[in-house]
Structures are given as structure tokens and as C-alpha cells.
Amino acid sequence: MQANKQHHRLALYLGKINEETKETDIKKVAELLDISEETINNSLNASYVKEDTFVPLRTIRKTEQALKNKLLEIKGIMITDVNERIYPFSEATSHLLGYVQAINEEELKEKRHEGYKASSVIGKTGLEKAYEERLRAKDGYEIYIIDDSSNKVKTLAYKEKVNGEDIKLTIDSNLQKKLYEQFKEDKSANVAINPITGEVLALVSTPTFDSNDFSLGLTNNKWNELTQNEAKPLFNRYLAAYAPGSSMKPITGAIGLNLATFTADEDFGRSGSRWRKDESWGDFYVSTLTTYSEPANFTNALIYSDNIYFAKVAIKIGKENFAKELKKIGFGENVEFIQNIEKSTFSNTEKFSSEKQLADSGYGQAQVLINPIHVAMIYSSFRNGGNIIMPYLEYKENVQEPTYYKAEAFSKETAETIKNAMIQVVENKNGTAHKAKVEGLTIAGKTGTAEIKKSKDDKEGTEIGWFNSFIADDNTDKELLIISMVEDVKGRGGSHYLLEKIKNIYENY
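Residues numbered from 1 in each chain as written. Predicted model: local features only at pLDDT ≥ 70, side-chain atom pairs only at ≥ 80, totals over all residues. Heavy atoms only, no water.

Novice: Just to check I follow, could you spell out the packing of helix α11 (residues 249–258) against helix α13 (residues 307–317) for this structure?
Specialist: The geometry of a pair of packed helices is captured by two quantities: the angle between their axes and the separation between those axes. Their axes nearest at 10 Å, the elements α11 and α13 cross at an angle of 35 degrees. As α11 packs across α13, the resulting crossing turns out to be left-handed. Contacts between α11 and α13 involve K249, T252, G253, I255 and G256 from the former and N307, F310, V313, A314 and I317 from the latter. In terms of residue class, the contact of α11 with α13 is made up of five nonpolar, four polar and one charged. (Axes fitted to C-alpha atoms, helices over the stretch in contact; angles between N-to-C directions. Helix = DSSP H or I, 4+ residues; strand = E, 2+ residues; numbered from the N terminus. Left-handed = near helix turned anticlockwise from the far one by under 90°. Contact = heavy atoms within 4.5 Å. Nonpolar A, V, L, I, M, F, W, Y, C, P; charged D, E, K, R; others polar.)

Novice: What exactly am I supposed to notice about the nonpolar core here?
Specialist: Counting residues in each nonpolar core, the largest one holds 120 residues, and the members touching the most others are L179, L326 and I329. When residues in this core are grouped by element, the largest group, eight residues, is from α13. Residues I26, V29, A30 and I74 belong to the second largest nonpolar core, which totals 26 residues. (Core = buried A, V, L, I, M, F, W, Y, C linked by side-chain atoms within 4.5 Å. Buried < 20%, exposed > 50% of the residue type's maximum accessible area, 1.4 Å probe, protein only.)

Novice: I keep staring at helix α8 (residues 173–183) and nothing clicks. Help me out?
Specialist: Since one α-helical turn is 3.6 residues long, residues separated by three or four positions face the same way. Every buried residue of α8 is listed here: L175, Q176, L179, Y180 and F183. Seen end-on, α8 carries its buried residues on one side only, within an arc spanning 135 degrees. Packed against the buried residues of α8 are α4 (94–97), β8 (188–193), β9 (200–206), β16 (481–486) and α18 (499–507). With a side-chain oxygen positioned 3.0 Å from the backbone nitrogen of N174, the residue opening α8 is D172. (Arc of directions from axis to C-beta. Polar contact = N/O pair within 3.5 Å; in protein donor to acceptor, adjacent residues only side chain to side chain.)

Novice: In this structure, what is going on with the sheet that holds β9? I would like to understand it.
Specialist: Taken together, the five strands give an open sheet; going across it, the order is β9-β8-β16-β15-β14, and neighbouring strands pair in antiparallel fashion. Every interior strand has two partners, whereas the edge strands, β9 and β14 (443–452), have only one. Averaged over all pairs of adjacent strands, the angle between strand axes in this sheet comes to 5 degrees, irrespective of strand direction. Note: strand β15 (residues 462–471) against β16, six bridges, orientation antiparallel. Bridging across to β16, G465 finds its partner in V486. (Pairing = 2+ DSSP bridges.)

Novice: For this particular structure, what's the right way to read the environment of N69?
Specialist: You can see N69 is positioned in helix α3 (residues 65–72). Judged by its relative accessible area of 40%, N69 is partly exposed. Considering only alpha carbons, one finds N69 and K154, 85 residues apart in sequence, at a separation of 45 Å.

Laid out in C-alpha cells, this is it:
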């Protein structure tokens, strides 16, 4: 997913700069490279810079010959051939891989004892940063004595040069690119894993940037374009946490069924489109979009995405039990992963302060926030006999047994019930995800539309759309679970906006 390719590295050699024309020359360099004079001066004035220091500015492609010739007219400019990182998949992998750049003064102070120099490059974000120690090459040296004829007489010290490692990932580059292409115009997060093994197959955050721009040296215009964009292309969405909306319902259902607080066949009775537990709730009501004539049991409630049913489930579970069980499956925990994942949380106070908050939480509203990678882990249990998988990114040979984040989080019976109900969400013509049905392939899924409001009466709030799904077909050897989240789907079909996009992925997988 990345390779080294030779380019020209441009730098200023402090001892060769013409002091009489320094200000004008720096201004000219800044204009040619589209970087600020302040940036250049800060680099030249760094504490580690001496007369003989080679101060890197930017890297350009070898094909930019005209630019190279103009720069060489300026006294103090040095150009060397270097192997720089190239990212073949560009924007499709940028949040995942990150980028390398020239080391800054603060980093050099911290890492000088590890062999870094002023001319070093270092991983700044993503896997480049996470795997920096293993990816970077380490210089070697030999100190020896020579005689009058320059023949080596004795070696005093020797350290062999060490090349950086090749790290093989579990990422399916085709799936990574397809998910990127489907969602590149959206503010989205997509996580794809093998729910049986835990292999991470794709991690995509959009909108994004091109790692090559950073690796070769970012221009002022490109930096301003990225930082002033309201869609925040530098923000990694699959590491953040969001309101899950109805995609929380399988989790609520699994907890309630596992605790035997209700049965899947139990009919909760009709509640219409608006319900409150009793008069103690005052003017607080839970509403649902679709009413149905079938029994209000678990499968039908999931098919029609009945908010009222899952509010009732949460109340049956109870505040203390619901909080305790959510903590058991990772809410409030730091999930171990190669990148830092924001915690999933169910309350700002780590408890449910009221029945109303509890009821709203049952269908993924109130204060519930969940991370897409964590969602993928929990949903894996519905395909995995109740075991929550531990995802991993670095490829492993001959894995005998999967590693679980939470083994036996749910019983096999509970996991099977949730899976079968989620299949009907896609297969049943009334299911909220029926548009994602793929002929010849059994898919289990759950949609979710989370309302982001300042208050219950807020009419200007936004919506987050989810479609969480997995192959649930025992007649295929393909295993794929996809968690998809898109911001600002209000007026675009809510969670239904995602269905055709994910259907396209399954059809071509």
C-alpha cells in the first residue's frame, strides 16, 4: 500500500546562503514552493541548525525540471536524490496509512538519542506513526584506524545498517477502494472485518486527503484547502464515536434476551406511534415512525425498527442491569487497537439518571455514543456464536484460533436469534433494509438514523445514518461484516441513503 520512489529533496544549506540577498531569496523560494516565508525562517532558526546543517523544505517529483532549474539559481539551495514514500492508493488509504514528513524540532529533541537527525523523516499520523519504529531504516557506521597509505588497520566500532521492515496488512485493497469510491463525497466512516477471524479488511474515513501531498511537502494552498474545509477531511471518523440510533437495537435486544428479561416471541402489544410508560413521564413520549398489525415481538420490532418496543426492552432490563451489561461488552473501555479508538459510552455520568434516559438509550438516542470499530466487534458476536472478536490489522500466518475481545458475551441461542431477526430486516419486504437485499446471498442487517438535536423540539437538527450488516449465508465461504456511518443524511433518505451503496459492495465482493 506504500512504496519508496526516488524524488528530489530541496533544502537550504545555511552556510551557503547569501546574507545580502537572504530576505529576497527566501521570499523567492517561498513563492516557488508555495510555502510560507515564516515556515522557512522557523526551520532555519531552529535550535539544532548550524552553519553546515541541511534544512529540508519540500520534496518534488523528478519530472518537475523547470521548477528545479529556477530553484538552483538561488544561492544556498541544495537538491539531493532521496527515496520518498509514495502511496499508490492515494486518498483511499490516507487516514489508515497516514504519512511521513521531515522531523520537526520538538520531535528531534525527543528522539535524537534514537538515531534521528535533522534530515530524518518520521511517521506523523496513521500506521506510519504507529509502526514508525519498525518501518524506519537505521543508519549504520564504522569507526576505524588507517595507516599512511589509507589502508584500514583496525576497526574500533561498527554498527550494521538496518533496513525498515515490510509489514503485511490484512486490508483487502479492492474492498478499501470500493468503499472509498462509494462514500468519497460523504462525511462517513466505514469498517469492514472478517467476523470469524477478526481480520480488518477495510478502514475508510471520508472526505479525506492525499498522503502523497504531505509526504512530498504540503503547499500553502493545499494546507488552507484542507484546514478550511467544513467537512474536516483531516478528521478520522472511524476512530470517533457517534449516536447509533436504531443500529443500537440488536445490542439492546441481545442484552435483554441474554438476561431473560423477555422472550423473542413475547408480544408487547400495540402502542401506536406514540407511547409513555405512565403519567410520571409528563409530556415525555417515545415515538416511532411505522406502526404494524403483526405481533409486537422481537423479529417484527426489528423489521419495522420499532422505537417503542426497544424503549420497553430497556425498561425491562433496568437502569443498573443495562449499564452493567453495556460495560461488559466494552462501553467505557479503551479498546486495544493499533490506532487510538474513542471510547463508546452510554451516559455522560456512567449511569442512567432516569427511566426516560434509559428508554431513549434502548433505541440508540439520549447520550449513547459508539465507535464504528467497536460496533463491528459487537456485531461480530451475532455471526460468531456470541463471541465478540478482537480485530487485528497485521497479517498473521496459519492462525489456528481466533482471539476474542469478550468470549461468550452472549449465548449461542441469543446470537442466533439476533442474526435471524437481522436477516429478516433485509429479506422481509417490510424490512427497513430490504433495498439492500442481494439475490443469491443472505445478508443480515440493521439500519439506524440518529437525530442530533439540541432539544426534543429542535426542528433544525441533523441526522446520522447507519447501515450495519454481515454475510449470514452458510452456503458461502465468504465472510464480511461492514459497519457504515454517514453524517448529514437528513433530507437524503436517512439511513436508507446507505443501502444501495452497501448492496453494491456485497454484489461485487
